[in-house]
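# An overview of the molecular structure
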Amino acid sequence: MQLPAAIRWHYDAGLRIARLGSSEYLLEAASQPARLTQLAAALAPAEGRYPVLRQDAGIWLAGSAAARILRQLATHDFTTLAEEDTTVLLTLLGGISATVLWQPAAAGRCYAIYCDASYGSYLWTTLLSLVVAERGAAVSFDALAPAAAAAAAAEGSTASADDPNTKPVSES
């Protein structure tokens, strides 16, 4: 497994690895939960190394209006991100600390937004109201990333529209 050298992210065998600081990483494996379990076992606690398990709320925002919607809540102008940019943004969205990663998707850019779970409902409601104002709608994880949803379902993951912890937002 290769770790990013800067505050960036990349994929490594189905696992998204995002460097958040000099020694902190965010690992995401929506389409391969078994891979994350294997990695956790390989990175068992040792001197100077320990896992920090988080229960962040995760929201996906996609579509042609996504960057404009985020611009209404953040100090960062998301429309300035280049196609190949893999920067990890640690920013405020509507006054809430959030980690934002983006990637190209069939529906345009797709932003993965993570925040403290206690603020998840507020951020979800706020984003949804802005999406609706742009004539968009909420869709399920299955609709936004069908291949990832199918792979997760095959491995027994609950990452789907029925999972209360997975609330993507998308423009229709």
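Residues numbered from 1 in each chain as written. Predicted model: local features only at pLDDT ≥ 70, side-chain atom pairs only at ≥ 80, totals over all residues. Heavy atoms only, no water.

## What about the overall build of the chain?
Along the chain, the regular secondary structure elements total 5 helices and 8 strands. Taken from N to C terminus, the helices and strands of the chain fall in the order β-β-β-α-β-α-β-β-β-α-α-α-β. Within the chain, the fraction of its 172 residues that count as buried is 42%. For the chain, restricting intrachain contacts to residue pairs at least 6 apart in sequence, the fraction spanning at least 24 positions comes to 53%. Accessible surface for the chain amounts to roughly 9300 Å². Of this, 55% is attributable to carbon and sulfur atoms. (Helix = DSSP H or I, 4+ residues; strand = E, 2+ residues; numbered from the N terminus. Buried < 20%, exposed > 50% of the residue type's maximum accessible area, 1.4 Å probe, protein only. Contact = heavy atoms within 4.5 Å. Areas by Shrake-Rupley, 256 points an atom, 1.4 Å probe, with all protein chains shown as cover.)

## Remarks on the pattern of salt bridges
Evaluated as defined, the whole model comprises 2 salt bridges. As a salt-bridge pair, Asp85 and Arg8 come within 3.2 Å of each other at their nearest N and O atoms. Here Asp85 is found in the loop between α2 (66-73) and β5 (89-93), whereas its partner Arg8 is found in the segment before β1 (9-12), with 77 residues between them in sequence. (Salt bridge = Lys/Arg side-chain N within 4 Å of Asp/Glu carboxyl O.)

## Here we look at the packing of aromatic side chains
Across all of its chains, the model carries 1 aromatic pair by this definition. A centroid spacing of 5.6 Å and a plane angle of 85° characterise the contact between Phe78 and Tyr111, whose relative ring orientation is edge-to-face. With Phe78 in the loop between α2 and β5 and Tyr111 in strand β7 (residues 108-115), this pair connects stretches of sequence that are 33 residues apart. In this pair, the class of Phe78 matches that of Tyr111, namely buried. Above the plane of the ring of Trp9 lies Arg16, whose end atom (NZ or CZ) is 4.8 Å from the centre. (Phe/Tyr/Trp six-rings, centres within 6.5 Å; stacked < 30°, edge-to-face > 60°. Lys NZ or Arg CZ within 6 Å of the ring centre and 35° of its normal.)

## Describing the sheet that holds strand β2 (residues 15-19)
Strand order in this open sheet of 3 strands is β1-β2-β3, and the pairing throughout is antiparallel. What marks the edges here is a single partner per strand, and that holds for β1 and β3 (25-28). Going across the sheet, the axis of each strand differs from the next one's by a mean of 20°, ignoring polarity. (Pairing = 2+ DSSP bridges. Axes fitted to C-alpha atoms, helices over the stretch in contact; angles between N-to-C directions.)

## Considering the pairing of strand β6 (residues 96-105)
Extensive coverage of β6 is indicated by the burial of 7 of its 10 residues. Here 5 bridges tie β5 to β6, and the two strands are oriented antiparallel to one another. Pairing of Leu90 across the sheet is with Thr99, part of β6. Pairing geometry for β6 and β7, over 8 bridges, is antiparallel. From the neighbouring strand, Ala98 faces β7, where its bridge partner is Cys115.

## Description of helix α3 (residues 120-133)
Taking 1.5 Å per residue, 14 residues should reach 20 Å; α3 reaches 20 Å between its end C-alpha atoms and fits that length. Among the residues of α3, those classed as buried are Gly120, Leu123, Trp124, Thr126, Leu127, Leu130 and Val131. In a view along the axis of α3, the buried residues occupy a sector of 165°, so they form one face of it. Within α3, the exposed residues directed more than 90 degrees away from the buried face are Val132 and Ala133. Downstream of α3 by one or two residues, Arg135 has phi in the positive range, about 65°. (Expected span 1.5 Å × (residues − 1). Arc of directions from axis to C-beta.)

## As for unusual backbone geometry
Although it is not a glycine, Arg135 adopts a positive phi angle of roughly 65°. Positionally, Arg135 belongs in the loop between α3 and α4 (141-144). Accessibility expressed as a relative area gives 74% for Arg135, which makes it exposed.

## Here we look at the nonpolar core
If you look at the biggest cluster of nonpolar residues, it comprises 26 residues, and the most contacted ones within it are Leu61, Phe78, Leu93, Tyr111, Ile113, Leu123 and Leu127. Those elements that provide at least two residues to this core are β4 (57-62), α2, β5, β6, β7 and α3. Those residues in contact with Leu123, other than ones at most four positions away along the chain, are Ile59, Leu73, Leu93, Ile96, Ile113 and Cys115. One finds Ala18, Cys110, Ala112 and Tyr114 within the second-largest nonpolar core, a separate group that totals 11 residues. (Core = buried A, V, L, I, M, F, W, Y, C linked by side-chain atoms within 4.5 Å.)

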